[in-house]
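# Structural characterization, general
Each chain, written out:
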Amino acid sequence: MSELAVERKTKKPRLNWSKKTKRSILGVSMVLPSFLLLLVLVIYPVALSVMESFKSRDGMWTLDNYLYLFTEPHMLNNIKHTLQVTVLSSVFVLTIAYSIAVYLRFNHSWIAKMVGKLYFIPMFIPGVIAIYGFINFYRDNGWIARLIGEGNLPSIIYDMKGLLMINIWFNIPFTTMLLVSAMSSIPNAVIESAKDAGAKKRHLFFQFIFPLTYKTMLVALTFLFMGIVGSFTAPFLIDRNAPQMLGVAMQQHFSSYNEIGQASSMAVFLFLLCSFVGYFYIRSNMKDSTKSY
Amino acid sequence: MKKLIIYTVGVLFMLFVAGCGEESSAEPAGNGESASEDSETAEQDQVEISVYSSGSLNVQNYWETIIPMFEKDHPEVKVEFVFVPSGTGGQSTMDRIVAAKQSGNDSGIDVYEGSLADIVRGEEEGGIFYQLDGNGIPNLAMIPQENIEAVEYYSVPYRASAVVLAYNEEKVQDVPNTAEELYQWIHDNPGRFAYNEPGTGGSGDSFMVTTIYNQLPQDAMSSQDESIMEEWDKGFEILKELHPDLYRSGVYPSKNQGTLDLLANGEIDMTPAWSDMALEQLDKNLLPSTIQLKQIDPPFTGGPSHLMVTDNGDDARKQAAEKLLNFVLTVEAQEVVIEQMFGYPGIDWSYLSDELQERFADVSDGYRSFTGGKLQEEMLKRWQREVATQ
């Protein structure tokens, strides 16, 4: 035993070195597959479309595509519309999902249990099918209109209202799931001791619950933003023809107009928008990790 | 433990790489295998040709009906059918033929179903398709002469479809006969007409194109001269005027099916629609039986589908391909086009039974073709800028 220990000690420097190499090989080999995947499926196409966005139709370098994107009135309207839909949808989803999460955390009735089991159902319904169901439900002479009498229902399909509603439907499950897990990590002890100290419900929420979940809320917001800003199917089938969401405009420029440069400039713009939001996500994660180590 | 992790990662990575490789190589290998197996069991002098086609499900169904019929009639020819669903790289078939031609190889594609643009491209690439004649394909004589002369005998326009007006006969009493009457009807019945967003489907596109070119001389539709764009103003003015009287004061649903859904729901009473699509859905009761179809004057646009024979320098296969094309033009095969695909026959209506002629009398008034090429894109852009954005 002691002999062995001595041997180990004398060999330590060499062993340590090879251990390090081993570790770094392990590290690299674990990162390599996802990095290669990223390289082939993300970085290469992104680089291509960045290049494409600076090229005119005859292959010359130009800024025209960006000029088009930021000076054409209808494109500016499209950008405005995209941001409007994204921000509004995110705010609605976050508000609703947050309320559900709070409700599920602090209410233990059978209704809460039911809600807890049901809220993620929309996740398992394929997008296009949900959208067609939604259209049949809310269109001007659809099920709802027949129930409450045609003409009493405001126009929902082919309108921004419909788009916001379907975005809420699609995004609530995942957002709620994130927030529920954040809520459940608040220890009961914290809340009970606060209550014992005489904290009112308002205080309890603003001093304890909100600060403890706000980081997860930011994460949820980034996911929401990125998911909605580049969406295609729902706005393609439900929104009006003008102004369009950028995802729809991009497809139109790409396949109907054959304007690959202009479509690419939109893609780059969306990419920058998302990386701007993604920056906050990464920053909040980095803060987390510096704290814990 | 660490070793285990390294091994696991290594194995996973290799599996991943192998999986990718396998996926890309599996298909051709599989095809080749089954093909050689088949030819082994077949007779010695059997000629094998391959047909490449693309489109919607009805096109696939058509070929899967026709090929067994043909093989029964011609046991000396074996047909391999490759179907590329639309939107999944139909252009790549054409690229394959061109690449094979340029490198002097056999493309392995004998009969290709494509569009007028493919014929033009084939010519530009130095004649990748055979020029056909009545010796190889006697039934060419049954095709209306102007149709085959339009493609200079490079293809067999074996079927066609066109955009027609679909309307609900219970709601529409004064059915428009001309384009002018149609515009008037739309203004008189606000909110009851819709055409789909032109970039998303051919029926709305046809409405836009015909509205613009109805204001111009007849032969303007085949002009690719960009100076004609200045004369579009009058047509766009009409489209803009129609906008507030369309469905929901100017909503253009996406895709051909979008407006047909509205028609089926009763949200609108009239819409332009592809004849084959509407007839098929009437047949399957997806559209109520109160929906009628009609061609107006001047007619909407439409177009034939072309079959080309690829020049691979193999006479036996060329002759076999010609036999197939000849069979496609028989009355028997053309009836499949009509009965099953609800398309227009490629051969003259007079060869078909009186009963069929009568059934299709409503929509058989013909169609116009728009061959403006790149002008199409400019028109779509201007439509989005001026008509959709109001």
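Residues numbered from 1 in each chain as written. Chains lettered and ligands numbered in written order. Predicted model: local features only at pLDDT ≥ 70, side-chain atom pairs only at ≥ 80, totals over all residues. Heavy atoms only, no water.

By the naming in an unreviewed UniProt entry, chain B goes by Putative spermidine/putrescine transport system substrate-binding protein and is assigned to Evansella caseinilytica.

An unreviewed UniProt entry lists chain A under the name ABC-type spermidine/putrescine transport system, permease component I, with Evansella caseinilytica given as the organism. In its Subcellular location (unreviewed entry) section, UniProt records this for chain A: "Cell membrane". (UniProt positions renumbered as here; feature names shortened; annotations may be inferred.)

### Comments concerning the nonpolar core
Residue and element names in this part refer to chain B. Residues Tyr62, Trp63 and Val156 are the most contacted members of the largest nonpolar core, which totals 102 residues. Beyond its immediate stretch of four places on either side in the chain, valine 156 contacts Leu132, Ile137, Leu140, Ile143, Ser305, His306, Leu307, Leu325 and Leu329. Tyr183, Leu216, Ile228 and Val387 belong to the second-largest nonpolar core, a separate cluster that totals 39 residues. (Core = buried A, V, L, I, M, F, W, Y, C linked by side-chain atoms within 4.5 Å. Buried < 20%, exposed > 50% of the residue type's maximum accessible area, 1.4 Å probe, protein only. Contact = heavy atoms within 4.5 Å.)

### Observations regarding helix α2 (residues 57-73) of chain B
Residue and element names in this part refer to chain B. For α2, with 17 residues, the first-to-last C-alpha span of 25 Å sits near the 24 Å given by 1.5 Å per residue. Turning to α2, its buried residues are Asn58, Val59, Tyr62, Trp63, Ile66, Ile67 and Phe70. The arc that holds the buried residues of α2, viewed along the axis, is 155 degrees, so those residues lie on one side. Away from its buried face by more than 90 degrees, α2 exposes Leu57 and Lys72. (Helix = DSSP H or I, 4+ residues; strand = E, 2+ residues; numbered from the N terminus. Expected span 1.5 Å × (residues − 1). Arc of directions from axis to C-beta.)

### Topic: the packing of helix α7 (residues 202-213) of chain B against helix α8 (residues 233-242) of chain B
Residue and element names in this part refer to chain B. Viewed as axis vectors pointing N to C, α7 and α8 meet at an angle of 125 degrees, and their least axial separation amounts to 7 Å. In terms of orientation, α7 and α8 fall into the oblique class. Considering how the two elements wind past one another, α7 and α8 form a crossing that is right-handed. Packed against α7, whose contacting residues are Phe207, Met208, Thr211 and Ile212, the element α8 presents Gly235, Phe236, Ile238, Leu239 and Leu242 at the interface. For the contact of α7 with α8, the per-class residue count stands at 7 nonpolar, 2 polar and no charged. (Axes fitted to C-alpha atoms, helices over the stretch in contact; angles between N-to-C directions. Parallel < 35°, antiparallel > 145°, perpendicular 65-115°, else oblique. Left-handed = near helix turned anticlockwise from the far one by under 90°. Nonpolar A, V, L, I, M, F, W, Y, C, P; charged D, E, K, R; others polar.)

### Comments concerning the packing of aromatic side chains
This model, assessed by the stated rule, comprises 30 aromatic pairs over all chains. Ring centres of tyrosine 158 of chain A and tyrosine 247 of chain B lie 5.9 Å apart, and the angle between their planes is 90 degrees; this geometry places the pair in the edge-to-face category. Of the two residues, tyrosine 158 of chain A is situated in the loop between α6 (143-148) and α7 (160-184) and tyrosine 247 of chain B in the loop between α8 and α9 (255-265); the pairing between them involves two chains. Using a relative accessible area of 8% as the deciding quantity, one classes tyrosine 158 of chain A as buried. Ring geometry for phenylalanine 193 of chain B against phenylalanine 207 of chain B: centres 5.3 Å apart, planes inclined by 45 degrees, an arrangement best described as tilted. Taken together, the positions of phenylalanine 193 of chain B in the loop between α6 (179-188) and α7 and phenylalanine 207 of chain B in helix α7 put the pair 14 residues apart, joining distant regions of the chain. Phenylalanine 207 of chain B carries the same exposure label as phenylalanine 193 of chain B, and that label is buried. Three or more aromatic residues link up through ring pairs in this structure, and these residues are Tyr183, Phe193, Tyr195, Phe207, Tyr252, Phe300 and Trp383 of chain B. Residue placement shows lysine 55 of chain A over the ring face of tryptophan 61 of chain A; its charged tip is 5.2 Å from the ring centre. Here the basic side chain of lysine 318 of chain B rests over the ring of tyrosine 130 of chain B, its NZ or CZ set 4.6 Å away from the ring centre. (Phe/Tyr/Trp six-rings, centres within 6.5 Å; stacked < 30°, edge-to-face > 60°. Lys NZ or Arg CZ within 6 Å of the ring centre and 35° of its normal.)

### Here we look at the interface of chain B and chain A
With 30 residues of chain B at the interface, the matching set in chain A holds 28 residues. Interface area, chain B with chain A, both sides summed: about 2800 Å², of which 56% is carbon and sulfur. Among the salt bridges present, the one from arginine 57 of chain A reaches glutamate 377 of chain B, with a minimum N-O distance of 2.8 Å. Linking chain B with chain A are 14 residue pairs in polar contact (both at pLDDT 80 or more), by the criterion used here. Among the secondary structure elements, those contributing two or more residues to the side of chain B that touches chain A are α1 (2-41), α9 and α14 (375-388) of chain B. Class assignment for the residues of the side of chain B that touches chain A results in 11 nonpolar, 9 polar and 10 charged. (Buried area = accessible area lost by both parts, 1.4 Å probe. Salt bridge = Lys/Arg side-chain N within 4 Å of Asp/Glu carboxyl O. Polar contact = N/O pair within 3.5 Å; in protein donor to acceptor, adjacent residues only side chain to side chain.)

### Things to note about the pattern of salt bridges
One pass over the full model with this rule turns up 20 salt bridges over all chains. Residues glutamate 267 of chain B and arginine 139 of chain A are paired through a salt bridge, measuring 3.5 Å at the closest nitrogen-oxygen approach. Taken as a pair, glutamate 267 of chain B in the loop between α9 and β5 (270-274) and arginine 139 of chain A in the loop between α5 (127-138) and α6 lie in two separate chains rather than in one. Each member of the pair glutamate 267 of chain B and arginine 139 of chain A is classed as buried. For glutamate 259 of chain A, the salt bridge goes to lysine 381 of chain B, with nearest N and O atoms at 2.4 Å. Of this pair, glutamate 259 of chain A sits in the loop between α11 (246-256) and α12 (260-292) while lysine 381 of chain B sits in helix α14, each in a different chain. Among the residues examined, glutamate 259 of chain A registers a relative accessible area of 10% and is labelled buried. Among the charged side chains, a network of salt bridges with common partners joins Arg57 and Glu259 of chain A together with Glu377, Glu378 and Lys381 of chain B.

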